[in-house]
Amino acid sequence: LADPAYWIDPYPTLRAARAAGRTAMTATGETVLLAADDADKVHVSQSFTVPGMADLERIGIFDGPFYEWRRHTLAVMDGQPHARLRGFVGPVFSPRQMERLRAVARERAHALIDARAGDGTMEILRDFAGDLPLFAMCRFIGIDDADRARIGAFLVGTEEGFTSPMTPARRRRVETAITALNDFVRDLIERRRAEPREDV
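Residues numbered from 1 in each chain as written. Predicted model: local features only at pLDDT ≥ 70, side-chain atom pairs only at ≥ 80, totals over all residues. Heavy atoms only, no water.

Caption draft 1: Representation of the overall build of the chain. In terms of helices and strands, the chain carries 11 helices and two strands. Order of helices (α) and strands (β) in the chain, N terminus to C terminus: α-α-β-β-α-α-α-α-α-α-α-α-α. For the chain, the spread of C-alpha atoms along the three principal axes comes to 55 × 50 × 40 Å. Scored against the burial criterion, the 200 residues of the chain give a buried share of 27%. The long-range share in the chain, meaning contacts at least 24 apart out of those at least 6 apart in sequence, stands at 47%. About 13,900 Å² of surface is accessible on the chain, with carbon and sulfur atoms providing 59% of the total. One finds the centroid of the 28 positive side-chain charges in the chain at a distance of 2 Å from the centroid of its 30 negative side-chain charges. (Helix = DSSP H or I, 4+ residues; strand = E, 2+ residues; numbered from the N terminus. Buried < 20%, exposed > 50% of the residue type's maximum accessible area, 1.4 Å probe, protein only. Contact = heavy atoms within 4.5 Å. Areas by Shrake-Rupley, 256 points an atom, 1.4 Å probe, with all protein chains shown as cover. Lys, Arg positive; Asp, Glu negative; His and termini not counted. Charge placed at Lys NZ, Arg CZ, Asp CG, Glu CD.)

Below is the structure:
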């Protein structure tokens, strides 16, 4: 996965891995499921648990702001803590809400493509994929466009948090980014307490 060529064309590597078996192991020790059916079964099975903090600990992060942030996310929780938080946010992901989000995302996708149509070219990461997911998430949650630009800057730093090898410079960037994101969230909570809205 560290080979840039893989990300340009992953299919030969994936085909070879699937020919060898249903799972593979990354260089950093993660088991990878190679069949969508297997991933679906594992996702809903009570026999499996989430990796928890092992992903960060594997690359040498055992404490600090990024570790503490990750420790409180749904993605690493299991059992009762996961069920409690999921029960809180689950109703927001109703089919009606998802359909509303699909319409918003579709409209934004068309606007991004239309913006580049005159040039006849598009750099997909910069002009499309870098914008659409964050736009959709912010609209869904109820975060203003002005704040979306700030969040985008923080998230660029947090992307490196799961990268191996974890260098001291990379860790500083990650922890600076997550600290800024946490500060933003605290400020947003205070604003919503002062002026409540009908949003997530």
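Caption draft 2: How the structure looks around the packing of helix α9 (residues 132–141) against helix α10 (residues 145–158). Packing of α9 against α10 brings their axes to within 10 Å, and their N-to-C directions diverge by 130 degrees. Comparing their axes, α10 and α9 come out oblique. Judged by the twist between their axes, the crossing of α9 over α10 is right-handed. Residues Leu134, Phe135, Cys138 and Arg139 of α9 touch α10, and the partners they reach there are Asp145, Arg148, Ile151, Gly152 and Leu155. (Axes fitted to C-alpha atoms, helices over the stretch in contact; angles between N-to-C directions. Parallel < 35°, antiparallel > 145°, perpendicular 65-115°, else oblique. Left-handed = near helix turned anticlockwise from the far one by under 90°.)

Caption draft 3: Representation of a nonpolar patch on the surface. On the surface, a nonpolar cluster with roughly 260 Å² of combined accessible area is contributed by Met137, Ile141 and Val200. Note on placement: Ile141 falls in helix α9. (Patch = residues over 30% accessible without salt bridge, like charges linked within 9 Å, V, L, I, M, F, W, Y side chains within 5 Å. Salt bridge = Lys/Arg side-chain N within 4 Å of Asp/Glu carboxyl O.)

Caption draft 4: View of the packing of aromatic side chains. A complete count under the given rule lists five aromatic pairs for this structure. Measuring from centroid to centroid gives 5.3 Å for Phe66 and Phe162, while their planes differ by 65 degrees, and the two rings are edge-to-face. Residue Phe66 is found in helix α5 (residues 65–71), and its partner Phe162 is found in the loop between α10 and α11 (168–194); the two are separated by 96 residues along the sequence. Using a relative accessible area of 1% as the deciding quantity, one classes Phe66 as buried. Ring centres of Phe93 and Phe140 lie 5.1 Å apart, and the angle between their planes is 40 degrees; this geometry places the pair in the tilted category. One end of the pair, Phe93, is in the loop between α6 (79–89) and α7 (95–117); the other, Phe140, is in helix α9, and 47 residues separate them in sequence. A relative accessible area of 9% means that Phe140 is categorised as buried. Three or more aromatic residues link up through ring pairs in this structure, and these residues are Phe66, Trp69 and Phe162. Taking NZ or CZ as reference, Arg108 lies 4.3 Å from the ring centre of Phe135, over its face. (Phe/Tyr/Trp six-rings, centres within 6.5 Å; stacked < 30°, edge-to-face > 60°. Lys NZ or Arg CZ within 6 Å of the ring centre and 35° of its normal.)

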